[in-house]
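Remarks on the overall topology
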Amino acid sequence: MELAGQVNGEGIDSWNTIIFLYNSALKEVGTKLEILNDEFQHVHQYNPIEYIKSRIKSPESIVKKLKRYGYESTIDNMVNYINDIAGIRIVCSFTSDIYRMAEMIGKQNDLTVVSVKDYIKNPKASGYKSYHMLVTVPIFLSDRVVDTKVEIQIRTIAMDFWASLEHKIYYKFEGNAPDYISRDLRDCAEIVSMLDAKMLSLNEAILEARAAQRHDMWKQMPSVGATT
Ligand code: 0O2
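Along each chain, residue indices are assigned from 1 in the same order as the chain's sequence is written. Residues qualify for local features only when their pLDDT is at least 70, as the model is predicted, and side-chain atom pairs are given and counted only at 80 or more; totals for whole chains, interfaces and linings, by contrast, use all residues. Each side-chain value is worked out from all heavy atoms of the structure, with water and hydrogens disregarded.

In this text, helices come from DSSP runs of H or I with a minimum length of four residues, and strands from runs of E with a minimum of two, each type numbered from the N-terminal end. Residue position: Q108 is located in the loop between α4 (95-106) and β4 (112-118). Whenever a nitrogen or oxygen atom comes within 3.5 Å of another N or O atom, the pair is scored as a polar contact, on the condition that within protein one atom can donate a hydrogen and the other can accept it, and that pairs from neighbouring residues in sequence are kept only if both atoms are in side chains. One polar contact links Q108 to K32, side chain to side chain, over a distance of 2.9 Å. We call two residues contacting when some pair of their heavy atoms lies within 4.5 Å. When residues no more than four places from it in sequence are discounted, the contact partners of Q108 are K32 and L36.

See the structure below:
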């Protein structure tokens, strides 16, 4: 099995080939996630995924990140050191869905989980929360198989709301936001976490109440096979 960028030990010098591989990887993983979501709906009558977004990192962002890491802008460096060229974001309803999704992804035989970063249990200093999985997926070409990296970010709607706005605000300050803004953003992250916790417990209470209702209905029904 080859890793994108190391075909037969030589660097792939074509940007288009690399982007084709990452796009194929996004399609493969995207389809997998849709099937998992559909299966969950089929078995449990419930969708853990609210929506999925995918993107290929822009050349400007790749070059910026390579520079930040101290590497030259070459195709080999890009493939070896930038893990999120192909990125998929899964936005779930509740925090419990995040871990459910992560477990389902981890059990897929043809995906290799390279690393996991749990920024929900260990949020970033910025307040950022999300569950990151770096996986590789084999891309079957006509003459070879190429393992290709995809970064999967799993978060709730509330976490996604915070991260999207924080990204926009920080972008404006190019990372040098005044202290009070960083502090306010961290406070907002706390509020978002409280909202997630509240929604989760509300959902659990609703599920319990519905189960109790169903139980009562069963008790009131005449028993099956009973003779009159
Ligand atoms: P963009 O514009 O979203 O692509 P590694 O991948 O291990 O070499 P890195 O990149 O620090 O190291 O990995 P990490 O921590 O998993 O973060 C990768 C991505 O997570 C970022 O990509 C963001 O999408 C998101 N992220 C991480 N920290 C923050 C944060 O504090 N705020 C927000 N809003 N998003 C964050 P990029 O390339 O930085 O940006």
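This is not the end of the story, as more comes after the structure.
Side chains that differ in sign of charge can pair as their charged atoms come close. Each salt bridge in this description consists of a side-chain nitrogen of Lys or Arg and a carboxyl oxygen of Asp or Glu lying within 4 Å of one another. Under the definition given, this model contains 10 salt bridges. Residue K53 is joined to D160 by a salt bridge in which the shortest nitrogen-to-oxygen separation is 3.4 Å. In this pair, K53 is assigned in strand β2 (residues 49-56) and D160 in helix α5 (residues 157-173), connecting sequence segments 107 residues apart. The partner of D97 in a salt bridge is R100, with the nearest N and O atoms 3.1 Å apart. Of the two residues, D97 and R100 are both situated in helix α4; the distance of three residues between them amounts to about one turn of the helix. On the basis of relative accessibility, which here comes to 1%, the residue D97 falls in the buried class. In the salt-bridge network here, residues are joined through shared partners; they are R55, K57, K65 and D84. Each residue gets one of three labels from its accessible area relative to the maximum for its type: buried under 20%, exposed over 50%, partly exposed in between, using a 1.4 Å probe on protein chains only.

Glancing now at α4. To estimate how far a helix should extend, the number of its residues minus one is multiplied by 1.5 Å. Along its 12 residues, α4 runs 17 Å from first to last C-alpha, staying within 8% of the 16 Å computed at 1.5 Å per residue. Residues of α4 that are buried include every one of T95, D97, I98, M101, A102, M104 and I105, and no others.

In short, the description is geometric, and any link to function would need to be established separately.
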